[in-house]
Amino acid sequence: GLAKLVLSLIELLRRLLERQAIRRLEGGSLTDRQVEEMGQALMKLEAKVYEMAGQFGLRPEDLNLDLGPLGNLLE
């Protein structure tokens, strides 16, 4: 219950950070080194979230909470 909620929120934040990184990349405001570092950090974060989900018996798709009439938390 609580682990699923916390991991779902972390996954939402990770996806938002990823979208922001793509916008900055497309805007040309990052150096090649920054792009590489950001990509590595986002990949590590994704792997850690999925690893932690596995420790609680959750699959990545379990982190997409159903918010009723609002739809799903994640796209």
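Presented here is a report on the structure given in the accompanying data block.

Calculation notes
- Residues numbered from 1 in each chain as written.
- Predicted model: local features only at pLDDT ≥ 70, side-chain atom pairs only at ≥ 80, totals over all residues.
- Heavy atoms only, no water.
- Salt bridge = Lys/Arg side-chain N within 4 Å of Asp/Glu carboxyl O.
- Helix = DSSP H or I, 4+ residues; strand = E, 2+ residues; numbered from the N terminus.
- Buried < 20%, exposed > 50% of the residue type's maximum accessible area, 1.4 Å probe, protein only.

### A word on the pattern of salt bridges
Link 1 in the chain: On inspection of all chains with the given rule, the structure shows eight salt bridges.
Link 2 in the chain: The salt bridge partner of Glu11 is Arg15, with a shortest N-O separation of 2.9 Å. One end of the pair is Glu11 and the other is Arg15, both in helix α1 (residues 2-27) and four residues apart, which spans about a single turn.
Link 3 in the chain: By relative accessible area, which is 24% here, Arg15 ends up partly exposed.
Link 4 in the chain: Here Glu51 ties to Lys48 by a salt bridge, and the two come within 3.5 Å at their closest N and O atoms. On the criterion of helical spacing, the pair formed by Glu51 and Lys48 is a turn pair, its members being three residues apart in helix α2 (residues 32-55).
Link 5 in the chain: Given a relative accessible area of 40%, Lys48 falls into the partly exposed group.
Link 6 in the chain: The structure contains a network of salt bridges with shared partners spanning Glu11, Arg14, Arg15, Glu18 and Glu46.

Interpretation note: all reported values are geometric properties and have no functional meaning in isolation.
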